[in-house]
Amino acid sequence: MIEVFTEHYADTAVLHACPAGMRTTPLPTVVFYHGFSSSKTVYSYCAVALAMAGIRVIMPDAAEHGDRYYGDNTGRLTHFWHILYQNLVEYPRLRDAILATGQVLPGALGVGGASMGGMTALGIMARHPEVACAASLMGSGFYAPLARTLFPPLPLTSREAEATFGQIMAPLADYEASVNLRTLSDRPLFLWHGLDDDVVPAADSLRLQHQLLEQGGAALLTCQWQAGVRHRVTPEALEATVRFFAQHLPGA
């Protein structure tokens, strides 16, 4: 059995799932990020699956989502990359608030997510060595190239627009997978992607796999590709994610 709570950590609304009766017991813990135009509540099935495996899950709402949504869906469509960046810069405060509770088994903090959440997980792992392991489901670590086709922040129709685009994307540059291959290969990493993904190209996960293999990062890398699957988390993807964290989080 499990328990699910809604709480606030570092002024951020989160869903907190854990095995029943273990709310304050130190446990291996995963911070799991939801996808774009979704919420922690919609992705709660991921938290339930992980909690059933004995893992604590903290699932925050991204800016402009869930409890933080203010009703402007049209505007939000142009804010994808701002929201991803906000996930990344909010993580340290969220991490510190979670660790301050004493509910995380020492050395057993992981990150994961799907779609925008997978991109978040990759960016966090790239810059934060305390992350024991990470899982990216249908994400991408190649932000700037993808932003030209996935929810571009503005139409790229002029030299001035290109300059503004560069300014918007510049804060994400330090989190790009291409400049963080060493840190992405020194701890366990799980990549999952549906090969017919019609939103985030599976080619981005395959590219990251190839680059990590070229850097000698094969030993700690787990990849699973699913043919015929578009942009969704399948039962097989969720099961593989649970297995990955159960295997690689200390104490799981």
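Here we summarise the structure given alongside this text. Counting restarts for each chain: residues are numbered from 1 in the order of the written sequence. Reporting of local features is limited, given that this is a predicted model, to residues whose pLDDT is at least 70; pairs of side-chain atoms are given and counted only at 80 or more, and all residues count toward the totals for whole chains, interfaces and linings. Side-chain descriptors were evaluated using all non-hydrogen atoms of the structure, hydrogens and water having been removed beforehand.

## Regarding helix α4 (residues 116–127)
For step 1, the next point in the chain: Over its twelve residues, α4 runs 17 Å from end to end, which matches the ideal 16 Å to within 8%, given 1.5 Å per residue.
For step 2, the next point in the chain: Taking burial as the measure, the twelve residues of α4 include eleven buried ones, the bulk of the element.
For step 3, the next point in the chain: A 1.4 Å probe rolled over the protein chains alone gives each residue an accessible area, and that area as a share of the maximum for its type sets the label: buried under 20%, exposed over 50%, partly exposed in between. Numbering of helices and strands runs from the N terminus; a helix is a DSSP stretch of H or I covering at least four residues, while a strand is a stretch of E covering at least two. Listed in full, the buried residues belonging to α4 are M116, G117, G118, M119, T120, A121, L122, G123, I124, M125 and A126. Helices are assigned an expected span. That span is 1.5 Å times one less than the residue count.

## Some details on the pairing of strand β7 (residues 189–194)
For step 1, the next point in the chain: With respect to burial, β7 is a largely interior element, six of its six residues being buried.
For step 2, the next point in the chain: The side-chain alternation of β7 yields two buried faces, one formed by L189, L191 and H193 and the other by F190, W192 and G194.
For step 3, the next point in the chain: We treat two strands as partners when DSSP finds at least two bridges between them. Where strand β6 (residues 134–137) meets β7, four bridges bridge the pair, whose relative direction is parallel. Opposite S136, over in β7, you have L191 as the bridge partner.
For step 4, the next point in the chain: Judged from the six bridges that link them, β7 and strand β8 (residues 221–226) form a sheet pairing that is parallel.

## Here's the deal with unusual backbone geometry
For step 1, the next point in the chain: Its identity as a non-glycine residue notwithstanding, M138 has a phi of 45°, on the positive side.
For step 2, the next point in the chain: Tracing the backbone through its elements, the reader meets M138 in the loop between β6 and α5 (143–146).
For step 3, the next point in the chain: Even without being glycine, F151 reaches a positive phi, approximately 45°.
For step 4, the next point in the chain: Inspection of the secondary structure assignment puts F151 in the loop between α5 and α6 (159–169).
For step 5, the next point in the chain: Note on F151: relative accessible area 28%, which makes it partly exposed.

## Observations regarding the packing of aromatic side chains
For step 1, the next point in the chain: Only centres within 6.5 Å qualify two rings of Phe, Tyr or Trp (six-membered ring in Trp) as a pair; their planes then separate them into stacked at under 30 degrees, edge-to-face at over 60, and tilted for everything else. For the structure on display, the rule yields nine aromatic pairs.
For step 2, the next point in the chain: On the numbers, 6.2 Å between centres and 55° between planes, the contact of W81 with Y143 is tilted. With W81 in helix α3 (residues 80–100) and Y143 in helix α5, the pair connects residues that are 62 residues apart, well separated along the chain.
For step 3, the next point in the chain: Note on Y143: relative accessible area 0%, which makes it buried.
For step 4, the next point in the chain: Both rings, one in Y85 and one in Y175, keep their centres 6.4 Å apart while their planes meet at 80°; by these two values the pair is edge-to-face. Highlighted residues: Y85 in helix α3 and Y175 in the loop between α6 and α7 (181–185), separated in sequence by 90 residues.
For step 5, the next point in the chain: Here Y85 falls in the partly exposed class, since its relative accessible area comes to 31%.
For step 6, the next point in the chain: By the ring-pair criterion, three or more aromatic residues cluster together here, those being F36, F80, W81, Y143 and F151.
For step 7, the next point in the chain: Working rule: Lys NZ or Arg CZ, within 6 Å of ring centre, within 35 degrees of ring normal, means a charge sits over the ring. Taking the ring centre of F5 as reference, the NZ or CZ of R23 above it sits at 3.7 Å.
For step 8, the next point in the chain: Residue placement shows R76 over the ring face of F36; its charged tip is 5.9 Å from the ring centre.

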